[in-house]
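Structural overview
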Amino acid sequence: MIRLENVTRRYEVEGRSVAALDGLSLSLDRGEEVAVVGSSGSGKSTLLNLLGLLLKPDGGRYLLAGKDVASFSAAKRAALRAEFIGFVFQDFHLNPFFTAFENVELPLLIAGMKKSARRAMAEEALRRVGLWEKRDHLPRELSGGQQQRVAVARATVRHPPLILADEPTGNLDPEASRKVLSLLKEERRTGATLVMITHDLSSAASFERVITIDRGRLIGDGKGKAL
Ligand SMILES: Nc1ncnc2c1ncn2[C@@H]1O[C@H](COP(=O)(O)OP(=O)(O)O)[C@@H](O)[C@H]1O
Ligand SMILES: [Mg+2]
């Protein structure tokens, strides 16, 4: 479903060019669950943002469902992202002025769905994460774990085939972490591919596949220990 071929991505920092990704190749099949590990600054977030079409590679190819998307225009990438990809961030990125329900409904509004369909899908997603009772709360009226569950509901409300999560449990206590992890994994029942960055090696070990990044390169690709 996904192929990265010899991808590079550089940043200019104070006149110096830093290679965040340095010739990385990777294939992901439909339905896979993959943990991404590596030390801070190794290029994990850059990789995820690239997979999520938030960044373009400077070199190499990115094939998504057979399409070479690296060269797509911003508008085409945005359309593809809306249809294909759900993103979950460490610090939730919820709209602070929207209720839980409105945050989850937003991707459906952007997709141009009718009100009745939006209501039904947002309700289903909020019930799935156990927060229907909190639908009228603003993010600041929710705990960190609850906010992240709203973010998971928002990312999965359209059941996208690719779910990307950048340290989604990094700011949560162990109990909330377990809930968020199991909700993300549950989404694979719909056939979705899950790629999740984590610092927590015991979460990583629960994934079928674990890849390790170091200085912008893939240095490890194997099965999780828990299997
Ligand atoms: N927007 C940016 N501008 C400049 N340098 C960046 C930017 N984003 C990331 N980098 C650099 O790229 C490298 C990889 O960063 P990142 O992908 O965020 O790593 P990780 O997520 O593994 O901590 C680091 O050296 C980081 O400082
Ligand atoms: Mg990061």
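Before any of the text, the structure's been laid out above.
Position labels on residues start from 1 in each chain and follow its written sequence. Chains and ligands are labelled by the order in which they are written, letters from A for the one and numbers from 1 for the other. Per-residue local features are limited, in this predicted model, to residues with pLDDT of at least 70; the limit for side-chain atom pairs, both in listing and counting, is 80 or more; totals at the level of whole chains, interfaces and linings are taken over all residues. The basis for every side-chain value is the complete set of non-hydrogen atoms in the structure, without hydrogens or water.

1. Here we look at helix H3 (residues 100-110)
Listed as buried for H3 are Ala-100, Phe-101, Asn-103, Val-104, Glu-105, Pro-107 and Leu-108. Next to the buried residues of H3 lie helix H4 (115-128) and helix H5 (144-156). Starting at the N terminus, helices and strands are each numbered in turn, a helix being any DSSP run of H or I of at least four residues and a strand any DSSP run of E of at least two. Of the residues flanking the end of H3, it is Gly-112, one or two places downstream, whose phi is positive at about 80°. Accessible area is worked out with a 1.4 Å probe on protein chains only. A residue is then buried under 20% of its type maximum, exposed over 50%, and partly exposed in between. Contacts are assigned to residue pairs that have any heavy atoms within 4.5 Å of one another.

2. What to know about the site of ligand 1
For this description, a residue counts as near a given molecule or strand if any of its non-hydrogen atoms is within 4 Å of it. As a matter of local geometry, ligand 1 sits amid Tyr-11, Val-13, Val-18, Ala-20, Ser-39, Ser-40, Gly-41, Ser-42, Gly-43, Lys-44, Ser-45 and Thr-46. Between N or O atoms, a polar contact is any pair within 3.5 Å; within protein, one atom must be a potential hydrogen donor and the other a potential acceptor, and residues adjacent in sequence are included only when both atoms are from side chains. A distance of 2.8 Å is found between an oxygen atom of ligand 1 and a side-chain nitrogen or oxygen belonging to Lys-44. At a separation of 2.6 Å, an oxygen atom of ligand 1 approaches a polar side-chain atom of Thr-46. Those elements that place two or more of their residues in the shell around ligand 1 are strand E1 (2-13), strand E2 (16-28) and helix H1 (44-51).

3. A short note on the nonpolar core
What is meant by a nonpolar core is a set of buried Ala, Val, Leu, Ile, Met, Phe, Trp, Tyr and Cys residues, joined one to another through side-chain atoms within 4.5 Å. In this structure, Val-88, Val-104, Leu-126, Val-129, Val-150, Val-152 and Leu-184 are the most contacted members of the largest nonpolar core, which totals 36 residues. Among the secondary structure elements, those contributing two or more residues to this core are strand E3 (33-37), H3, H4, H5, strand E7 (162-166), helix H6 (174-186) and strand E8 (193-197). For Val-88, the contacting residues outside a window of four places in its chain are Gln-148, Ala-151, Val-152, Ala-155, Leu-164, Ala-165, Asp-166, Pro-168 and Leu-184. Judged by nonpolar contacts, the second largest core, of 30 residues, contains Leu-24, Leu-47, Phe-87 and Leu-162.

4. Comments concerning the environment of Leu-138
By the element assignment, Leu-138 lies in the loop between H4 and H5. Look at Leu-138 and you get buried, because its relative accessible area is 18%. In the structure, Leu-138 is positioned 106 residues away from Glu-32 in sequence and 34 Å away in space, judged by C-alpha atoms. Beyond its immediate chain neighbours, meaning those up to four positions away, Leu-138 contacts Pro-96, Phe-97, Phe-98 and Thr-99.

5. Looking at the sheet that holds E1
Two strands qualify as a pair provided that DSSP identifies no fewer than 2 bridges between them. One open sheet holds the four strands; their spatial order is E2-E1-E4-E5, and the pairing between them is antiparallel. Unpaired on one side and paired on the other, E2 and strand E5 (67-68) mark the two borders of the sheet. As paired elements, E1 and strand E4 (residues 59-64) share five bridges and run antiparallel to each other. Bridge pairing in E4 places Thr-8 opposite Gly-59. Together, E1, E2 and E4 form the strand contacts of H1, whose direction differs from that of E1 by roughly 120°. Note on definitions: angles span 0 to 180 degrees between N-to-C directions of axes, and those axes are lines fitted to C-alpha atoms, for helices only across the stretch in contact.

6. A look at unusual backbone geometry
Residues other than glycine seldom take positive phi values, yet Glu-14 does so here, at roughly 45°. Take Glu-14: it is sitting in the loop between E1 and E2. Judged by its relative accessible area of 82%, Glu-14 is exposed. Of note in the backbone geometry, Phe-92 takes a positive phi value of approximately 65° without being a glycine. Mapped onto the fold, Phe-92 is located in the loop between strand E6 (85-89) and H3.

7. Observations regarding the side chain of Thr-156
Locating Thr-156 in the fold gives a position in helix H5. Here Arg-128 takes part through its side chain, which lies 3.1 Å from a polar atom of the side chain of Thr-156. Apart from residues lying up to four places away in sequence, Thr-156 is in contact with Arg-128, Ile-163 and Glu-187.

8. Section: the pattern of salt bridges
Whenever a carboxyl oxygen of Asp or Glu lies within 4 Å of a side-chain nitrogen of Lys or Arg, that contact is scored as a salt bridge. Evaluated as defined, the whole model comprises 15 salt bridges. One salt bridge connects Asp-22 with Arg-217, and the closest N-O pair in it is separated by 3.4 Å. Here Asp-22 is found in strand E2, whereas its partner Arg-217 is found in strand E10 (residues 217-223), with 195 residues between them in sequence. The class for Asp-22 is partly exposed, based on a relative accessible area of 27%. Note on Arg-217: relative accessible area 43%, which makes it partly exposed. Residues participating in the shared-partner salt-bridge network are Arg-3, Glu-5, Arg-61 and Asp-68.

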